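Observations on the model geometry
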Amino acid sequence: MATIPSHNLLLPKPINHQSAHSLSFKPHSTLLNFTARSSPAIATKAMSTTDAASTSSRLEPLESFGITAAEDVRRRDREAKESKSLRDTWRKIQGEDDWAGLMDPMDPVLRSELIRYGEMAQACYDAFDFDPFSRYCGSCRFTRHKLFDSLGIFDSGYEVARYLYATSNINLPNFFSKSRWSKVWSKNANWMGYVAVSDDSEATRRRLGRRDIAIAWRGTVTQLEWIADLKDFLKPVSGNGFRCRDPAVKAESGFLDLYTDKDTSCNFSKFSAREQLLTEVKRLVERYGDDEEDDLSITVTGHSLGGALAVLSAYDVAEMGLNRTKRGKVVPVTVFTYGAPRVGNIRFKERMEELGVKVLRVVNKHDVVPKSPGLFLNEHAPHALKQLAGGLPWCYSHVGEKLALDHQNSPFLKPSIDLSTAHNLEALLHLLDGYHGKGQRFVLSSGRDPALVNKASDFLKDHFMVPPYWRQDANKGMVRHTDGRWIQPDRIRAEDHHAPDIHHLLSQLHHPS
């Protein structure tokens, strides 16, 4: 998303790789929508995309073997992109035909969109305050009006409409972050993501081909302890206020609690994450859904546990009928998840298909999270066993289509299988950038910087000389006061207000006309 500050990064010696991989990396283009620019003001903030002056151009092995083949792959990608634009193909990219023929070989427009929405999910990590020594731990470090600019994402084409919060008073202690300070921004809430909508600029409308409501959910960077917190128990969604009347439609109870619980004593989570989301989607669809000039889409994205919330909330939006305009037009709902776990049972999967919600799951084949919950009873079980176990509270099923990637195909990444690095979102976006189809050469296509992989991990091979876990704020957020002391500066108060008409919108959701 943003430009990584340039610095001299030289490889100490030539590196021999197998001929199945590309050995050069030269940026050719930026991703759709998120145009990157360098800025001294953001040099120490979260970084995501790259330009020609970035570190990536220095991550090249010194020998030239394979350069011609790699350039040919990139040239074909550029020609394919030029022959069809997102503006003309967005419905197919959003899964109108379940991405048939787009993943093998990999469609370059689909790749760019998967990276772009993945970076929207990554923004939730880059903006989140994880530091327990911060008074603002668990909050977003930036106001919603300046979220993208603060992360160095200029000309994103999107405006953040609202932030989403969840109460931490549920049994997921390894997921929520809490401050060690006694006086904090909130004792019982965590920032969970945001709802954004594409803006009115002509460039954005031309690029996207429609108006887009984007919902991004925060997950977990590398820590996997939250999986052990899951109750691994399915329960009917109808018991949590969903409109579904079929008691056979079930979802994992921990995900449901996270999505639907609230704390009336907390300004941030006195409405559940579900209520915050649905009212905002309702407002935006009513505002833009029947626009005669632009079509509308709803795209939900998330990584890890955030991917589970993406699936659950997209189902909820469709089940509530919020993707239908007043004139009866159906707004397509699409989910792009990254390293996401299973969410519900087989009947949940079938109901999402009935509602027309499209889901594309990007996974690293070595990642354990997409294999959970339902390690033994899942969609891969023999049909007879699924028939017998279908009603049990431990029989899960994935939803939608899967794009399986393998980090061992990248010449940039360590081949060893580490559970946390295999789950890393930046690594998945790196793998997307180099994926061209099953059995095809790994060639970085968009110019995305491989150094981003090590932002919150130690996954790049050591000879690239990129330090692990390199992303951090200058002086860990401490600033020097006028009296010479080092202190934590105050931040603009986090937005804890809710729309004045939220009660009215909720009543409409509960009692539709």
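Residues numbered from 1 in each chain as written. Predicted model: local features only at pLDDT ≥ 70, side-chain atom pairs only at ≥ 80, totals over all residues. Heavy atoms only, no water.

With an unreviewed UniProt entry as reference, the chain is termed Fungal lipase-type domain-containing protein, source organism Brassica carinata. Entered under Subcellular location (unreviewed entry) in the UniProt record, the comment concerning the chain runs "Plastid, Chloroplast". The record in UniProt for the chain states the following under Sequence similarities (unreviewed entry): "Belongs to the AB hydrolase superfamily. Lipase family." (UniProt positions renumbered as here; feature names shortened; annotations may be inferred.)

What follows is about the environment of asparagine 323. Within the secondary structure, asparagine 323 is located in the loop between α9 (305–319) and β9 (333–338). C-alpha of asparagine 323 to C-alpha of serine 297: the two residues are 26 residues apart in sequence and 8.7 Å apart in space. Leaving out residues up to four positions away in the same chain, asparagine 323 has contacts with Ile298, Val317, Ala318, Lys329, Val330, Val331 and Val333. (Helix = DSSP H or I, 4+ residues; strand = E, 2+ residues; numbered from the N terminus. Contact = heavy atoms within 4.5 Å.)

What follows deals with the pairing of β9. With 6 of 6 residues buried, β9 is to be regarded as a mostly interior element. Neither face of β9 is open: one carries Val333, Val335 and Thr337, the other Thr334, Phe336 and Tyr338, and all of them are buried. In this structure, strand β8 (residues 296–303) lies alongside β9, joined through 6 bridges in parallel fashion. Note that in β9 the partner of threonine 301 across the bridge is phenylalanine 336. Handedness of the crossover joining β8 and β9 through α9 is recorded here as right-handed. Here β9 runs beside strand β10 (residues 358–364); their pairing, made up of 5 bridges, is parallel. (Buried < 20%, exposed > 50% of the residue type's maximum accessible area, 1.4 Å probe, protein only. Pairing = 2+ DSSP bridges. Right-handed = clockwise from strand over helix to strand, strands pointing away.)

With that out of the way, let us pick up helix α2 (residues 86–93). Residues spaced three or four apart along an α-helix face the same direction, because each turn holds 3.6 residues. For α2, every residue scored as buried is listed here: Leu86, Thr89, Trp90 and Ile93. On an axial view of α2, the arc spanned by its buried residues comes to 150 degrees, and they lie on one face. Contacts made by the buried residues of α2 are with α3 (108–127), α5 (202–208), β8 and β9. Phi turns positive one or two residues past the end of α2, at glycine 95, with a value near 100 degrees. (Arc of directions from axis to C-beta.)

If you walk through the whole model with that rule in mind, you get 13 aromatic pairs. With 5.2 Å between their ring centres and 70 degrees between their planes, tyrosine 163 and tryptophan 191 make a pair best called edge-to-face. Placement of tyrosine 163 in strand β3 (residues 158–167) and of tryptophan 191 in strand β4 (residues 189–198) is noted, with a sequence separation of 28 residues between them. The residues tyrosine 163 and tryptophan 191 share a single accessibility class, namely buried. Note on phenylalanine 242 and tyrosine 315: the rings are 5.9 Å apart at their centroids and 25 degrees apart in plane angle, and the pair reads as stacked. Linking phenylalanine 242 in the loop between β6 (234–236) and β7 (250–252) with tyrosine 315 in helix α9, this pair joins segments that are 73 residues apart in sequence. The burial state of phenylalanine 242 is the same as that of tyrosine 315; both residues are buried. (Phe/Tyr/Trp six-rings, centres within 6.5 Å; stacked < 30°, edge-to-face > 60°.)

In this section: the packing of α3 against helix α12 (residues 425–434). Taken N-terminus to C-terminus, the directions of α3 and α12 make an angle of 165 degrees; their axes are 10 Å apart at the nearest point. Between α3 and α12, the crossing angle belongs to the class labelled roughly antiparallel. The handedness of the crossing between α3 and α12 comes out as left-handed. The residues of α12 that touch α3, namely those facing Arg111, Leu114, Ile115, Gly118, Glu119, Ala121, Gln122 and Tyr125, are Leu425, Glu426, Leu429, Leu432 and Asp433. (Axes fitted to C-alpha atoms, helices over the stretch in contact; angles between N-to-C directions. Parallel < 35°, antiparallel > 145°, perpendicular 65-115°, else oblique. Left-handed = near helix turned anticlockwise from the far one by under 90°.)

With 63 residues, the main nonpolar core has Leu114, Leu147, Tyr194, Tyr338, Leu403 and Leu432 as its most contacted residues. At 11 residues, α3 tops the list of elements feeding residues into this core. Leaving out residues up to four positions away in the same chain, leucine 403 has contacts with Met103, Met106, Leu114, Leu360, Arg361, Val362, Val363, Leu432 and Tyr435. Core analysis: the second largest hydrophobic core is formed by 58 residues, Phe271, Val300, Val311 and Met320 among them. (Core = buried A, V, L, I, M, F, W, Y, C linked by side-chain atoms within 4.5 Å.)

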